[in-house]
Amino acid sequence: MSECIGWKSTRRTSNMNLQVCHCGWSKTTTYQGLRTHQGKMGCTAKGMSIPQSEYLSLNTHHGTNDDPLPELSFQVCHCGWSKVTTYQGLRTHQGKMGCTLEEGALFPNTFHLIDEKEGVKTDSGLPSFSTPTDFAAATVKEEHKSLFETPQHSVQMPPNFHVVRRALDFSDQQNETIQTHQVATEKEELRSFSDTLQQSNDMVQKVKAAQQVDSSSEYQQERQDRITADLQLKLQMIKQKKAEVKSSVKAFKCNLDREWLEINSVFSDAMKVMEEAREKALQPLEERKAKAKKEARELMQQLQEEIDKLTKAISNSDTNFQVSPSLMTATFDTSCSFGTLRVTTSTMMEQIEQNLEKLSSVELKRFHRFEVDVKLDPSTAHRQLLLSADGKEVSDGGESQEVSDTLERFDLYGSILGVNSLVSGKSYWEVAAGDKTGWDMGVARGNAKRTGKLSLNPDGGYWVVVHYNDDKYAAMAEPPVGLTLSEKPDRVGVFVDKDKGLVSFYDVTAQSHIHSFTGCSFSDTEIFPYFSPHLRENGRNAEPLIICAVTR
């Protein structure tokens, strides 16, 4: 059987028969239809050929008198559709309705009822099946019995029904064999498909895993690139910071070296003055020492000579030897009349102070880092004082203003405090005085008296330098200390080191020191900047005191 191209339920001279292929495919068609299927589906055994005489196509066969083939027949679809039409009509229906079965389906669902000359006629006039085999093919499945009994057409059994029955049994056996073969084939195909599907799934999983690896690798690479770029940026920033620090260190060393030279020069000059004063103070002593040494040597020589003479006279029993009366009364002058050292030391101190004043420029260069943005407190201002809108200027307004009377306000002295509380540390500010004939500047305790007559000195809680009568200056200590300034300060700097109890005043323009209060007892109390522009006098001293930015 394996050598055959296909199985056929019968082989008659008629063109249309139930054709069955070894792949499980079956259909009522011509042998050429079977071979056409095998050619399309690759079912032809390798090396086999199809006889040319058997290529009888239904599409080219038009029928003859000896073998007529009517175009119309009773066509039935597996979906239940039936109609007297051509085979092409059936296929048209199946194409439109989607009823076409795949090749190799178990049950042929199209039945061609051939109208031959000697065929059995139905009551309806339609031709019956031409052979028992055709009839058996149409009744393979019990559920298809309805195809032969329809409301329109009742099929009449042929007289040789026993032949038909045997053909039907034979057809059932064939169909069972076909079905068994097809089930085995389908199982094999299912296993093959399952294996293929599993292989495909494995391949998909491998692809997905590879994609995930690729994606993870790409992500890791991107992350690594970002981290590297960030580190590169930080590296550049650190290098830049290093260059900035290096530049700052270099500038700092230059500043230190410059200050070192300035300070060393000042003290070298001061030491030179002191050395000169020392030499001047020691010079009389050196001169007197040399003179006394000479006098002592001469006297000692005279005395020794007299001793020698007297010794010789005694040994010679010279009773006529006379001792020199002057030597008997001789004395050594031990007096030290050097005069006073005051002139020398005073001169020295003046010269040293002049040299030490050179340090003021060094100090003033340091103070800018301690600058305080001082503003005036209007709640403390005397009623006659006028303040600028920014709280940086104060002057005498010439007449009293309507203000509240409080213990915080100065009521007798034309004074005012700043709002800045100097709690600790170092503070510095500068005030432009211009050509004013009088002013007060300094600091005051927060709890210092402000009403009535004030004790404007450290005991009263004030550390103040006063300018008055156009050219006079004084440090308000107890008693006041007069100050000698070579010129009127245009700008005054005030430096406070609360921790060390120091208040110093400087002429910023002349780069010189005015006065310092040391050992100030600030205790733990607050201190505030203190100002007084003094009253106008005959149209003079009208300029304001102006708190200005620190000169750098």
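Structure report, in brief.

About the criteria used
Residues numbered from 1 in each chain as written. Predicted model: local features only at pLDDT ≥ 70, side-chain atom pairs only at ≥ 80, totals over all residues. Heavy atoms only, no water. Helix = DSSP H or I, 4+ residues; strand = E, 2+ residues; numbered from the N terminus. Buried < 20%, exposed > 50% of the residue type's maximum accessible area, 1.4 Å probe, protein only. Contact = heavy atoms within 4.5 Å. Areas by Shrake-Rupley, 256 points an atom, 1.4 Å probe, with all protein chains shown as cover. Salt bridge = Lys/Arg side-chain N within 4 Å of Asp/Glu carboxyl O. Pairing = 2+ DSSP bridges. Axes fitted to C-alpha atoms, helices over the stretch in contact; angles between N-to-C directions. Arc of directions from axis to C-beta. Phe/Tyr/Trp six-rings, centres within 6.5 Å; stacked < 30°, edge-to-face > 60°. Patch = residues over 30% accessible without salt bridge, like charges linked within 9 Å, V, L, I, M, F, W, Y side chains within 5 Å. Lys, Arg positive; Asp, Glu negative; His and termini not counted. Charge placed at Lys NZ, Arg CZ, Asp CG, Glu CD.

Quick notes on the overall build of the chain
Scanning the chain for helices and strands turns up seven helices and 18 strands. Taken over 552 residues, the chain has a buried fraction of 34%. Within the chain, residue pairs in contact and separated by at least 24 positions form 61% of the contacts whose partners lie at least 6 positions apart. Accessible surface computed for the chain: about 34700 Å², of which carbon and sulfur atoms make up 53%.

Looking at the pattern of salt bridges
Under the definition given, this model contains 15 salt bridges. A salt bridge links Asp 373 to Lys 392; its shortest N-O distance comes to 2.3 Å. Of this pair, Asp 373 sits in the loop between helix H7 (359–367) and strand E6 (385–387) while Lys 392 sits in the loop between E6 and strand E7 (393–396), and the two are 19 residues apart along the sequence.

A look at the pairing of strand E11 (residues 462–468)
In terms of residue burial, E11 counts as a mostly covered element, since six of its seven residues are buried. Where strand E10 (residues 439–445) meets E11, six bridges bridge the pair, whose relative direction is antiparallel. Residue pairing in the sheet places Met 441 in a bridge with Val 465 of E11. As paired elements, E11 and strand E12 (residues 472–475) share four bridges and run antiparallel to each other. Bridging from a neighbouring strand, Tyr 468 pairs with Lys 472 of E12. If you look at the hairpin formed by E11 and E12, you'll find three residues sitting between the two strands, and Asn 469 has a positive phi there, around 50 degrees.

Re the sheet that holds strand E18 (residues 545–548)
Ordered in space as E6-E7-E18-E9-E14-E15-E16, the seven strands form an open sheet in which the pairing is antiparallel. Every interior strand has two partners, whereas the edge strands, E6 and strand E16 (512–517), have only one. Each neighbouring strand pair of the sheet contributes to a mean axis angle of 20 degrees, computed without reference to strand direction. Pairing geometry for strand E9 (residues 426–432) and E18, over three bridges, is antiparallel. Bridged to Glu 430 within E18 is Cys 548. Lying over the sheet, H7 contacts E9, strand E14 (491–497), strand E15 (502–507) and E16, oriented at roughly 110 degrees with respect to E15.

Here we look at the sheet that holds E12
In sheet architecture, strand pairing relies on hydrogen bonds along the backbone and comes in two forms, parallel and antiparallel. Taken in spatial order, the six strands line up as E8-E17-E10-E11-E12-E13 in an open sheet, and their pairing is antiparallel. Where the open sheet ends on each side, the last strands, each with one partner, are strand E8 (416–417) and strand E13 (481–483). Where E12 meets E13, three bridges bridge the pair, whose relative direction is antiparallel. If you follow Tyr 473 over to E13, its bridge partner there is Leu 483.

Here we look at helix H2 (residues 87–97)
The periodicity of an α-helix, 3.6 residues per turn, causes residues three or four positions apart to be oriented the same way. Among the residues making up H2, those that are buried are Gly 89, Leu 90, His 93 and Gln 94. In an axial view of H2, the angular spread of the buried residues amounts to 140 degrees, which keeps them on one side of the axis. More than 90 degrees from the buried face of H2, the exposed residues found are Gln 88, Gly 95 and Lys 96. In this structure, the buried residues of H2 make contact with strand E4 (73–76) and strand E5 (82–85).

Quick notes on the packing of aromatic side chains
With the rule as written, the count across this model stands at nine aromatic pairs. Centroid distance Tyr 462 to Tyr 530: 5.4 Å. Interplanar angle 70 degrees. Geometry classified as edge-to-face. Residue Tyr 462 is found in strand E11, and its partner Tyr 530 is found in strand E17 (residues 527–532); the two are separated by 68 residues along the sequence. Side by side, Tyr 462 and Tyr 530 carry an identical accessibility label, which is buried. Among the aromatic residues, ring-to-ring pairing joins Phe 367, Phe 370, Tyr 428, Phe 495 and Tyr 506 into one connected group.

What about a positive patch on the surface?
Taken together, the side chains of Lys 239, Lys 242, Lys 246 and Lys 250 make up a positively charged region of the molecular surface. Examined against the element boundaries, Lys 246 turns out to sit in helix H4 (residues 161–315). On the basis of relative accessibility, which here comes to 64%, the residue Lys 246 falls in the exposed class.

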